[in-house]
Structure formats: structure tokens, C-alpha cells
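Take a look at the letters that make up each chain.
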Amino acid sequence: MSEKRFDGRVAVITGAGGGLGFEHARLFASRGAHVVINDIGGSVTGDGSDRGAAQRAADEIIALGGSAVADANSVSTPAGAAELIETALEAFGGVDIVVNNAGILRDKSLLKVKPNDFRAVLDVHLLGTFLVTQAAFGHMRAKGYGRFVNTASPAGLYGNFGQANYSAAKAGIVGLTRTVSIEGAKFGISANAISPAAHTRMTENLLGQLFDGASADVLDAAKVSPVVAWLSHEDTDVTGQVFGTAGGLVTKVFIAETKGIFEANPTIENIAAREAEILDEQGYLVPEDVGASMAPLLEHYASNVGQL
Ligand SMILES: NC(=O)c1ccc[n+]([C@@H]2O[C@H](COP(=O)([O-])OP(=O)(O)OC[C@H]3O[C@@H](n4cnc5c(N)ncnc54)[C@H](O)[C@@H]3O)[C@@H](O)[C@H]2O)c1
């Protein structure tokens, strides 16, 4: 197996002062990429900031022989996202790879979550992913090449108690990723999302008890980074997908529709009577896009046209 390298590529990684983002940056740099380490240096809840956090991470990568610059902007403002991409252009002359990874948590059960805490979480994860993606997209389009890897979460795919804000933001990132994949396809731009689990400062209280207390080793963040790098490589054509990844397990997550039912004249009663058929997962369909999701209705329409 020949080594997958990123020589000459420029990778922007948001929230890379520590945790998963730092591991991604370290792997990219070790394979020859120039990395832009973005991090606001705040707490897990997004309070405070430390302009030195990104610089310390960049210094560590440089000390390991890598090529890195630091950027302390917040991804959640248009000016911050634009300056981040400017940093990449000024330091390294372009942007080939963006890993949207910055994130915060403000967990509260539904009746306790305040609008401000809902918005703050959406601002960093969802708006931040959008703003950095938009700022980079035009440069990638002009070059005819780009790779986005966005960070979703099992909470966004499946929901999680106390994470109304976080799960909404992470599910939003899945939809955004699929649209960027569709819009980027003809310009050589791919977009995928990961749904990771890793032992970091964000999760040590949640995951620390798992695996007989060995979660730091089993769920080492460095085990997620090869998936991010695989999706970011020029040899990888995969796009518009979501991958589960934790501790060395790599899976594809997909959205499916059951065969369901067709009623030319739906009523509450005839739908309720066929509930089990609607829920039956046998013979499910995995639509690749909105058009494919409409295909079953078009088929029903064609075979029932006389009744409609
Ligand atoms: N660790 C897990 O198990 C897990 C699971 C699912 C998803 N994730 C996601 O992975 C990503 C990385 O999380 P982590 O576990 O490494 O936690 P982390 O707290 O170590 O990393 C998040 C980083 O984002 C930075 N950040 C926060 N707001 C920012 C902003 N506005 N602009 C720039 N940087 C900002 C923080 O300073 C921090 O360094 C997050 O998006 C998180 O939601 C993590």
C-alpha cells in the first residue's frame, strides 16, 4: 500500500487547538500538508477565549517538523470565517481541504434550555460550518478542487437527552454537507460528514467510565483522524456521505425510506390501519437525492393514474 500524502495541499482545520481537531491537524501535517490551525481557545461551553491556544498547537506541529500557522478567529462570525480563509491564502496560497470541527456544548433538558444557549450552539456548529464552507467554496471552485469534512455527531443522527441544541445543529450539518456535495460535484469538490466518538475534554465526563475506565485509549481521538484524512485525499471520490467512526470502527450511516404504503385518497383511518406497513423496514430504499426520494410516488402515480 503506497502512503497517502498531502504534499503541497493546504488544510484548514477549525477548533484544532486540542481534541479531535488537533489530531487531524497533526496527521495532515505529518503527511506533508500545510495546516491552518484555527481555534478561539474557549471553554467547552464556549465561554472565554485564549488567542494563544491555536498558536501553541501550531508551534507543537512545527516542532514535530510540520508546516502550520495559527488563526484565533471565531468561526461563527462572517468576518472571522473570512479572515480564517484569508490566513490560508496569505500563508500558503490556497485552500484545498476544510475540516469543520469547532464545537461547544451547552447541555440542558428541553424545558431548561434558554434561547441563548440554543443559539450559541447553533452559531458555532451549524452557522460556523456554513460560514467557513462558504468562504472557502469560491476558491475551491475557481481551482476545480476541494474537500470538505464536516463534523456531525451520533446525537444529531439519533437524538440525545439534554442536547436539543447540539443535536439540532449536528443534524443540520448533515443536510448542509449533502447540499455542498451536490453543489460542489461539478467543480471537483467533495463534502462528507463524520459522526465520531472520542475521549476528549468535551466527552471525558460522559465516556470516561466506558471500557472499564480505558476510554482514553480505546476512544483515542487519533483513531478518528485517518477517516478524516481518507475523505480529504485526492484519491477519494466519495461524497455526500456520513461515516460513523470511533476507536477504529468505521461505518457508513445512511438515510433510508421504507417501502411504505400508497393510498390514492389518504384518510386518517386508512393510514392508521396500515401503520405496521409504513413502519416495516423490509425492502427499504436509500434515496441518493430528493429526486430519488420522489421516485416511488411517481411509480404509484403511473400505475394508478386512472384513480387520481
Ligand atoms: N469527542 C466526541 O466524542 C465527539 C462526538 C461527536 C462529535 N464531536 C464533535 O467533534 C468536534 C471536536 O470536539 P472535541 O471532542 O475535540 O472537543 P474540544 O472541546 O476538544 O474541541 C472543540 C474545539 O473547538 C474550539 N471552538 C469552540 N468554539 C469555537 C469558535 N467559535 N471558533 C473556533 N474554534 C472554536 C474550542 O476552543 C475547542 O478547542 C466538535 O464539533 C464536537 O461536537 C465530538
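Residues numbered from 1 in each chain as written. Predicted model: local features only at pLDDT ≥ 70, side-chain atom pairs only at ≥ 80, totals over all residues. Heavy atoms only, no water.

- An unreviewed UniProt entry lists the chain under the name SDR family NAD(P)-dependent oxidoreductase, with Gordonia mangrovi given as the organism.
- According to UniProt, the comment filed for the chain under the heading Sequence similarities (unreviewed entry) is "Belongs to the short-chain dehydrogenases/reductases (SDR) family." (UniProt positions renumbered as here; feature names shortened; annotations may be inferred.)

### Comments concerning the layout of surface pockets
Here's step 1: In this model, the largest pocket occupies a volume close to 1000 Å³.
Here's step 2: At the level of secondary structure, the elements contributing two or more residues to the lining of the largest pocket comprise α1 (19–30), α4 (115–143), α5 (154–158), α6 (164–184), β6 (189–197) and α7 (204–207).
Here's step 3: The element contributing the most residues to the lining of the largest pocket is α4, with 4 residues.
Here's step 4: Taken together, the residues of the lining of the largest pocket break down into 21 nonpolar, 24 polar and 5 charged.
Here's step 5: Put simply, the second largest pocket is a space of about 450 Å³.
Here's step 6: Around the second largest pocket, the lining is made up of 18 residues, and of these Arg178, Gly240, Pro287, Glu288 and Asp289 lie nearest the centre.
Here's step 7: Residue assignment for the lining of the second largest pocket shows that the elements contributing at least two residues are α6, β8 (249–253) and α12 (290–303).
Here's step 8: Here the lining of the second largest pocket takes 4 residues from α6, the largest share from any one element.
Here's step 9: When the residues that make up the lining of the second largest pocket are grouped by side-chain class, the tally is 7 nonpolar, 6 polar and 5 charged.
Here's step 10: Counting the residues that make up the lining of the second largest pocket, at least three belong to each of domain 1 (10–253) and domain 2 (268–307). (1 Å grid on protein atoms, 1.4 Å probe; cavity = no way out; pocket = protein on both sides within 12 Å on 5 of 7 lines; lining within 4 Å. Points joined across faces, edges and corners; volume = space filled by probe spheres on them. Helix = DSSP H or I, 4+ residues; strand = E, 2+ residues; numbered from the N terminus. Nonpolar A, V, L, I, M, F, W, Y, C, P; charged D, E, K, R; others polar. Domains from an automatic or database assignment.)

### Examining the site of the ligand
Here's step 1: The immediate surroundings of the ligand are formed by 30 residues, with Asp39, Asn101, Tyr166, Ala198 and Thr200 found nearest.
Here's step 2: Protein coverage of the free-state accessible area of the ligand, which is 820 Å², stands at 96%.
Here's step 3: Among the detected pockets, the ligand sits in the largest pocket.
Here's step 4: Of all the elements in the fold, those that place two or more residues in the shell around the ligand are α1, α4, α6 and β6.
Here's step 5: When its residues are assigned to classes, the shell around the ligand shows 13 nonpolar, 14 polar and 3 charged. (Near = heavy atom within 4 Å. Areas by Shrake-Rupley, 256 points an atom, 1.4 Å probe, with all protein chains shown as cover. Sits in = over half its atoms within 2 Å of the grid points.)

### Regarding the domain arrangement of the chain
Here's step 1: In terms of domains, the chain is made up of domain 1 (10–253) and domain 2 (268–307).
Here's step 2: With centres defined by C-alpha atoms, the gap from domain 1 to domain 2 works out at 36 Å.

### Details of empty space enclosed by the protein
One way to see where empty space is left: roll a probe the size of a water molecule over the atoms.
Here's step 1: For the coordinates displayed, the defined rule picks out 2 cavities of 30 Å³ or more.
Here's step 2: Taken as a whole, the largest cavity spans an internal volume of roughly 50 Å³.
Here's step 3: Looking at the largest cavity, the residues that line it are Thr14, Val75, Asn100, Asn101, Ala102, Val124, His125, Gly128, Thr129, Thr151, Lys170 and Ile173.
Here's step 4: Listing elements by their share of the lining of the largest cavity, those giving two or more residues are α4 and α6.
Here's step 5: If one sorts the elements of the lining of the largest cavity by residue count, α4 sits on top with 4 residues.
Here's step 6: By volume, the second largest cavity is sized at about 30 Å³.
Here's step 7: Its residues assigned to classes, the lining of the second largest cavity shows 6 nonpolar, no polar and 1 charged.

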